[in-house]
Amino acid sequence: MGKINVKLISGRTLDQGSTLENKMSKEFVDAAAICEVNQKNLGTLGVSEGDNVEVKTDFGEAVVCVRVNNGNPDSIAFVPMGPWANAVTGSDSGGVGMPIYKGIDSEVSSTDKSVLGVKELMGAI
Amino acid sequence: MSAENRIITDVVCPFCGSLCDDLEVETDGTKIVKVKKACKLGKSKIMGHERIESPLIREDGKLREATYEEAIERASQILSNSKRPLSYGWASTVCEAIEKGVHLLEEIGGVMDSTASVCHGPTVLAVQGVGAPGCTLGEVKNRADLVIFWGSNPVHAHPRHQARYSYNAKGFFSGGKEDRTLMVFDVRKTKTADKADEYVQIEPGSDYKIFSAMRTILSGNEDVVPSEVGGISKEKLIEIVDRMKKAKFGVIFGGLGLTQSRCRYKNLENVISLVDEINEHAKFTLIPMRGHYNIAGFGQVCAWETGYPFAVDFSRGYVWYNPGETTAVDVLNRKECDSFLVVAADPASNFPKGSVEHMKDIPVIQVDPYHNPTTEFADVVIPAAVAGVEAEGTAYRMDGIPLRVRKLVDVKYPSDEEIFDKMLTKVKELKGA
Amino acid sequence: MDLLIKNGIVYDPINKINGEKMDIFTSNGKIVSNAKDPKVIDADGKLVLPGGVEGHSHIAGGKVNAGRIMRPEDGRKGIEPKGKLTRACSGYSVPNVYATGYRYARMGYTFVMEAAMPPMAARHTHEELIEIPIVDKGAIPLLDNHWMTMECVKSGDMDKLTAYVAWILKATKGYGIKIVNPGGVEAWAWGKNVSGLHDRVPKFDVSPAEIVKALSIANERLNLPHSIHIHCNNIGHPGNSETTLETYGLLSGVENSDRQVMHATHTQFHSYGGSNWGDFCSKADEVAKYVNAHDNLTIDLGVVMFCDTTTMTGDGPHEFNLYKLTRRKWSNHDVELETGSGVVPFVYGAKIPPHAIMWAVGIELPLLIDDPWKMMITTDHPNGCPFTFYPQIFALLMSKKKREAMISEVHPVVNSNTILPSIDRELGWNDIAIMTRAAPARILGIDKHGKGHLGSGADADISIYDISPEEVDPSRDYAKIEDAFSYTAYTIKSGQIVAKDNEIVAVPSGKTFFVDPEIDKSLMDAMLPDLELKFKEYYSINLANYPVQDAYVPNPYKISTKGA
C-alpha cells in the first residue's frame, strides 16, 4: 500500500466544465471524481491508471479514480473542482470569504474502497 | 438541414467569461439541433440535457411536483419569515434577473452574495486596495506582444480565449503568435503551459513572494533578493522583469491559482502593484479570467444598485458590505442563516463540505434549470429557462464589455427575471400584510 | 394631477421672466396657461425655477461603476436605509444609482447629462441610466480617439466621418460628440500621450487639431442639437491655458445661428499658467477674455471644492499622472479601437497650494465671464467635487463675503497666484437660474424639447425653494443661500411632485434623450464596408452584437435630425 504526501490543487477541466450542468450523470463522476498524479507518483502509490485512491486531508477524505498527468510535479496532485475535491477542502475563509481550494496538504494512498456517487456523497454530509 | 430549420448567427455563448459572440446555432423550431464554432464547454451548455420538468416542493422528506404559483408562494413565505436569509449564486444568469434579485434581498433584509466570493472575490478585494489597470480583450488582440497567463489555464477553462483574444489572435499591430511571447506561470505544467514560449514553474503558495521579488528588482533593489524565490532563480526573475519592461504592450491574465491559494487577495494586490509600477516603463495591463459568463455582470449590477460588488447585507436597512463576514461561505460556516436561496449555482458541489453542512438544517430554495447536488438539500425547486439559450438579457464579459445574450428557442419555463419579479411582488405582499 | 403653483417668485430666463410673482399651472406633465381643479401649492415667499439641468456629470457606466467597486470607503460615506418608496443608498462621490437620482431630485435637478459614454460599452451606461430614478437623462459618446475617426481625418473624407458619427449615435443611442484629449488616448494605449494640438498620433499620423476640426464639421453637417463637447488636451497641467485657447481658436469664424459650435468642458481644469507646480497660477482671466470676445463658444466650469472625491475621465494618461501624484489606487480601462478611461481617488486640500488655486479658478471663471448664457455651472461630478456641493458654489458666486470667509481658510497662495480676492462681482438670482437651467438647456439643445424653462408646453419640471428673493440679500445672508439650495420645498418632475422638504415622495422613471441623425443612405453605404472590416479584423465582438437594443431605452425621447 503506497502513499504520497502532496499539495492538492483543484480546478476547472474541459470534461468537468462540460458536465457541470449535468452533475447527476455518470459523465460528471467520470470527469470530477478523479485525481491526477504523474507517472512517478503512480509508481510510488503502486496503482495503475483507473484504480481508486483515497485522498486524505485535515478536513476529510474522498475516494477517487487515479489518472496520469505528467504535467504535475512530484509534489502535486490535482482533483477537478466538485464535491469530491470539496470533501477534503477546509471551510475556513481566512476572513475574506475564500476557502483555500489550491495547495492543501494531503495524503494520497491506494485503496480498495469505491468512489461514492453524488447522492451518496451528499447524503454523507 | 430541413426546411423548417433556422440558423441563428452571432450567438453569444453563455458559458465562460470569454463571452464569445460568433456562434451559430441551428434550431428545428422547437429545439436546438446543432451548435457551431463553440468550444466543448459552450456546446454542452447550449445543447442542454435532461431538465427539472416541474417545480418541486419537499414534503415528508420527498420532493413532489407543484405549480409555479405554489412554489413561488412557498419560497416567498420562507424568505419573508426568515430572520437572516442568505442568497448565493447569480453568476449564470442575466443582469435583468440579478437586478430583481438584489431588490428582493433588500426587501427581505437578507445577505446577497455571488459565486465571485469563491472565485475572483479576492481580486475584487485587491482592486479595492490598489485599483485595476485593465483594458478590453480587443486591446490585447490588437497590441499585445507579451501575454502572460498566471495561475490560469485557458485551454481548459476558457478554450477559445487564446484564438479570439490573446496569444493566437491576429490584430492590427500584431500578426498573431509570431509577434507575441507567451509566458505561463503555474505550479503544474498545464495544457496552456505546453504551448508557452516560456513556462515558469513555481512552488505552490509562493506567488506573493515572487511578485515581491519582481517589484524589488523593478525598483532597483535586486541586491536584497535571495538567489531563489518560490522555485525561480534570481537570474531568471531579473530576466523576466527585464522582458516585461521591454514590452510594447503586456498583459497578465490572472486566474484562480492566485485567488484560491495561500495569501488569496494579497497575491492580487501584489501583482496589481507590480503592473502599476511596470507602467512607468511599459504599457501593461491585468485582466482577471472570470469563470462564469456573467459573474462580471453580477459585480456590475450589485455595484450600481448597492455601491458594492458582492457580499452585501441588507439586514440593517442600509447596505453593509464586509467580505469575510457577509460572504456566503462564512454565513454558512457560522450557521447563521435560517434560509438559503440558491440561484443558477451549486454550492453543495462547490463549497467545502464543512460549509455545506448547514444546508441540511435550513430551508433551501433552488432556482435552476437543472438537477444538481444542491437539489438534494432543496425544499423548493423552481426550474428556470436557461438564460442565454432560452431567455435574453445582458451579460458582462471578463473585461466589462456588456453583450445581449439571446433567446434561441421558446420553452415552457419562465425566465429567472420573471420568477424573481413574481417573488418580489409576493414578498412585498406578505411583508405588507 | 394638475397643479397650480401659486404666488411664487419665478425666474424663467428663457421666457425673460426675472423674479416676478406669478402662478404656474401644470397639466398632463406639461406647463399650461390654466388648469381645472388643480392641486394648489402655496409658493408664496418661495423661489420658483425650472427644473435644474445638469449639463456635464459622470453618473453612469463603466468608469462610474469602477469607482464604486474600487472605493467601498466612499460607499460607506453616504449610507441611507431603504424607505417605503426609496431604495437603500450609498456613496459620496460615487453614489449608487438610487442615491444619484434622489439627491439630484432633492436639490431640484430634473435632467442630467452623462458626459462620457464609451461606445463599445454603451449598453452598460444605459443599464445604469435606466436604474437612476426620477431624472431625465442622456449620454454623450466619446468619438475622437476612434480608429475610424482618425482614418477619416487622415484621408480627409468628411462624408465617411459624418456617416460614421451618425452610425455611432444610432448604435449607442447617444446624444452628441464627446472629445476627450483627442489623440492622447490612442497614444496612451502605448503608454504615451500627446503634448499639444499639433503632435502626431502614433501610427495614425493625425493631430489633435485635425481631429477636433473634422468632428466639428461632422457635428454641423448632422445638424446635431448640441455642438462638439470637448475636454481639451493637457488637462490639469501647469500652463495648459495656451493649449486651451488654441483649441478654442480652432473654430474661430465658424458659426451656427442657433447655438455655439464648441462646448469646452470643465474649463477650470484647463485654465492654468506656470510651468510647474511651483509657479502654478490661474489664467482664468485670459480664458474669460477669450470667451467674452467670442460668441461661438460655451463652457462649463468643473468647480473644485475641498473634499475626498473620485476623479474619472476618458483621459487615461491624465489619470495615470494623478496616480503618480497620489500613489493611491488607480484603475485604467482602455477600450479597443475607441477610447480609454481611468479612475483615481483624489483629496483636494485647502492648504495645498495647487488645490487652492484650482478652487479659485473655478470661482473666478464665472465671475470674469460677462454673459451667464455662455456657461453651465458644473463640478464635472465627481471630478471637481460631488454635485451636492452646488449650494455652496452658488453662495460663493452670489456673495463676496462668503468668498472672503473661504479665502481666509485656504492657502494664501490664492492671494498671489489668482485674482479671486480682487473680484467684487456678485451674481444674482437670475444669473444662477441661467447658469443652472436656461443656459445648460440651450447649450445642450434641449430647450426646444421642453427643458430649462416654464413656458407653455414645456415639461412641467419645476423646483421650488424655500427662500424669498425679495427678503434675502444673498451677499450678506449667504448661509441662507446654501441652506435653501440644499433641498427644495418641492421638486416637480413631469407634473408630479417627486420631492418635498428633502424627502422623496414619488419615484417615476425618467426619459432617455438621444439623437437619431438621418443622413443620405449612399453616405452610410459607402462607410459601412470600412466599419465591417474593423469588426471582422480588429474588434473582439461582432458587428451584429454592437448596437444597443431598444430594450435599453424603455422611456425613449428621440430627437431626429436631418443632415445637411
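Residues numbered from 1 in each chain as written. Chains lettered and ligands numbered in written order. Predicted model: local features only at pLDDT ≥ 70, side-chain atom pairs only at ≥ 80, totals over all residues. Heavy atoms only, no water.

## Regarding the sheet that holds strand 15 (residues 308-313) of chain C
Rule in force here: Paired strands are those between which DSSP finds at least two bridges. Secondary structure elements follow DSSP: runs of H or I of four or more residues count as helices, runs of E of two or more count as strands, with numbering from the N terminus. Where helices are involved, their axes are fitted lines through C-alpha atoms of the stretch in contact, as for all axes, and angles between N-to-C directions lie from 0 to 180°.
Sheet architecture is open: four strands sit in the order 8(B)-16(C)-17(C)-15(C), paired in mixed fashion. The open sheet has two edge strands, strand 8 (131-135) of chain B together with strand 15 of chain C, and neither has a second partner. Strand after strand, the sheet turns through a mean of 20 degrees between neighbouring axes, direction not considered. As judged from the six bridges shared by strand 15 of chain C and strand 17 (residues 342-347) of chain C, these two strands associate in the antiparallel manner. Each bridged residue has a counterpart across the sheet, and for C:Asp308 the counterpart in strand 17 of chain C is C:Val347.

## Here we look at the pattern of salt bridges
Test applied: A carboxyl oxygen of Asp or Glu within 4 Å of a side-chain nitrogen of Lys or Arg is what we treat as a salt bridge.
For the structure on display, the rule yields 82 salt bridges over all chains. Close ionic contact of B:Arg215 with B:Glu277 constitutes a salt bridge, the shortest N to O distance being 2.7 Å. Pair noted here: B:Arg215 is in helix 9 (residues 207-218) and B:Glu277 is in helix 12 (residues 264-278), with a separation of 62 residues, a long-range link. Between B:Glu336 and B:Arg334 there is a salt bridge, with the nearest N and O atoms lying 2.7 Å from each other. Look at the salt bridges and you will find they share partners, linking C:Lys30, C:Asp136, C:Lys451, C:Asp459, C:Asp461, C:Lys493 and C:Lys511 into a network.

## Overview of the sheet that holds strand 11 (residues 198-201) of chain B
All names here are of chain B. Note the following rule: The contact definition used throughout considers only heavy atoms, calling two residues in contact when any of these lie within 4.5 Å.
The five strands lie next to each other as 11-10-9-14-15, forming an open sheet whose pairing is parallel. Each of the sheet's edge strands pairs with one partner strand only, and the pair in question is strand 11 and strand 15 (283-288). Between one strand and the next, the sheet's axes are offset by a mean angle of 15 degrees, whatever the strand orientation. By the bridge criterion, five bridges tie strand 9 (residues 146-150) to strand 14 (residues 249-254) in an arrangement that is parallel. If you follow Val147 over to strand 14, its bridge partner there is Val251. In this fold helix 12 packs onto strand 14 and strand 15, with an angle of close to 155 degrees to the strand it touches most, strand 15.

## Quick look at the nonpolar core
To keep things clear, this is the line we draw: By nonpolar core we mean a set of buried residues, namely Ala, Val, Leu, Ile, Met, Phe, Trp, Tyr and Cys, connected to one another through side-chain atoms within 4.5 Å. Under the scheme applied here, a residue whose accessible area is under 20% of the maximum for its type counts as buried, over 50% as exposed, and between as partly exposed, the area being computed with a 1.4 Å probe on protein chains only.
Counting 273 residues, the largest nonpolar core has B:Leu341, B:Ile382, C:Tyr248 and C:Trp359 as the members making the most contacts within it. Ignoring any residue separated from it by four or fewer positions in sequence, one finds C:Tyr248 in contact with C:Cys232, C:Met262, C:Ala264, C:Thr267, C:Val287, C:Tyr290, C:Val291, C:Leu297 and C:Ile299. Residues B:Phe185, B:Ile217, B:Ala247 and B:Leu258 belong to the second largest nonpolar core, which totals 44 residues.

## Section: the domain arrangement of chain B
Residues and elements named next belong to chain B. To be explicit about the condition: Domain delimitation in this document rests on an assignment produced automatically or drawn from a domain database. As a working definition, buried area equals the accessible area (1.4 Å probe) given up by two parts on being put together, with both sides summed. By the criterion applied in these results, polar contacts are pairs of N or O atoms within 3.5 Å in which, for protein atoms, one can donate a hydrogen and the other can accept it, and in which residues neighboring in sequence qualify only through two side-chain atoms. Only Asp, Glu, Lys and Arg are considered charged in this grouping, and only Ala, Val, Leu, Ile, Met, Phe, Trp, Tyr, Cys and Pro are considered nonpolar; every other residue, Gly among them, is considered polar.
Taken domain by domain, chain B comprises domain 1 (6-47), domain 2 (56-118 + 293-432) and domain 3 (121-288). Computed from C-alpha atoms alone, the centre-to-centre distance between domain 1 and domain 3 is 31 Å. Contacts between the two partners involve twelve residues from domain 1, matched on the other side by eight residues from domain 3. Both faces considered, domain 1 and domain 3 share a buried interface measuring about 710 Å² in area, 53% of it formed by carbon and sulfur atoms. When the buried area of domain 1 at its contact with domain 3 is split by residue, Ser18, Cys20 and Cys39 rank highest and sum to 50% of it. For the pair domain 1 and domain 3, the number of links is three salt bridges. Of the charged contacts, one joins Arg164 and Asp22 as a salt bridge, the two residues approaching to 3.2 Å between their closest N and O atoms. On the surface where domain 1 and domain 3 come into contact, there are five residue pairs in polar contact (both at pLDDT 80 or more). For the side of domain 1 that touches domain 3, the class distribution of residues is seven nonpolar, two polar and three charged.

## Looking at the interface of chain B and chain A
Taken together, the contact between chain B and chain A spans 52 residues of the former and 46 residues of the latter. Counting the surface lost from both chain B and chain A, the interface buries some 4,200 Å², and carbon and sulfur atoms represent 62% of this. Connecting chain B to chain A are four salt bridges. Between B:Glu376 and A:Lys119 there is a salt bridge, with its nearest N and O atoms 3.5 Å apart. Our enumeration of links across chain B and chain A arrives at 20 residue pairs in polar contact (both at pLDDT 80 or more). Residue assignment for the side of chain B that touches chain A shows that the elements contributing at least two residues are helix 1 (40-47), helix 4 (121-130), helix 6 (154-157), helix 11 (256-259), helix 12, helix 14 (328-333), helix 15 (347-350) and helix 16 (353-356) of chain B. Classifying every residue of the side of chain B that touches chain A by side-chain character gives 22 nonpolar, 18 polar and twelve charged.

## With respect to the pairing of strand 2 (residues 17-27) of chain C
Residue and element names in this part refer to chain C. Strand direction decides the pairing type here: strand 1 (residues 3-12) and strand 2, joined by eight bridges, are antiparallel. For Ile9, the partnering residue across the bridge sits in strand 2 and is Lys21. Remark: four residues form the turn of the hairpin made by strand 1 and strand 2, two consecutive strands paired antiparallel; Lys16 in that turn has positive phi of roughly 55 degrees. The pairing of strand 2 with strand 3 (residues 30-32) spans three bridges and is antiparallel. Its bridge partner lying in strand 3, Ser27 is registered against Lys30. In this antiparallel pair of consecutive strands, strand 2 and strand 3, the connection spans two residues, and Asn28 shows a positive phi of 50 degrees.

## Comments concerning the interface of chain B and chain C
Each partner contributes residues to the interface: chain B has 63 residues there, and chain C has 57 residues. In total, about 5,200 Å² of surface goes out of reach between chain B and chain C, with carbon and sulfur atoms giving 52% of it. Linking chain B with chain C are six salt bridges, by the criterion used here. For B:Lys283, the salt bridge is made with C:Asp334, and the minimal N-O distance between the two is 2.6 Å. Taken together, chain B and chain C are joined by 44 residue pairs in polar contact (both at pLDDT 80 or more). Looking at the side of chain B that touches chain C, the elements with two or more residues in it are helix 3 (95-108), helix 4, strand 8, helix 5 (137-143), helix 13 (295-306), strand 21 (393-396) and strand 22 (402-405) of chain B. The greatest single-element share of the side of chain B that touches chain C, amounting to seven residues, is contributed by helix 3 of chain B. Looking at side-chain class alone, the side of chain B that touches chain C contains 25 nonpolar, 17 polar and 21 charged residues. Direction of pairing for strand 8 of chain B relative to strand 16 (residues 330-334) of chain C: parallel, over a ladder of five bridges. Across the sheet, residue B:Gly131 finds its bridge partner in strand 16 of chain C, namely C:Trp330.

## A word on unusual backbone geometry
Cis geometry is adopted by the peptide bond preceding C:Pro382, which originates at C:His381 and carries an omega value of -5 degrees. Relative to the helices and strands, C:Pro382 is located in the loop between strand 18 (375-376) and helix 13 (390-398). The backbone of B:Ala311 sits at a positive phi, close to 50 degrees, despite the residue not being glycine. When you line up the elements, B:Ala311 lands in the loop between helix 13 and strand 16 (312-313). Classification of B:Ala311 as buried rests on a relative accessible area of 0%. Positive phi outside glycine occurs at C:Asp205, with the angle close to 55 degrees. Note on placement: C:Asp205 falls in the loop between helix 7 (184-188) and helix 8 (208-221). Classification of C:Asp205 as partly exposed rests on a relative accessible area of 35%.

## Considerations on the packing of helix 5 (residues 147-155) of chain C against helix 8 of chain C
All names here are of chain C. Heads up, the condition is: Between 65 and 115 degrees an angle is taken as roughly perpendicular, under 35 as roughly parallel, over 145 as roughly antiparallel, and anywhere else as oblique.
Orientation of helix 5 relative to helix 8, taken along the N-to-C sense of each, is 95 degrees, at an axis distance of 10 Å. Viewed along their axes, helix 5 and helix 8 adopt a mutual orientation that is roughly perpendicular. The residues of helix 8 that touch helix 5, namely those facing Thr149, Met150 and Val153, are Glu210, Ile211, Ala214 and Leu215.

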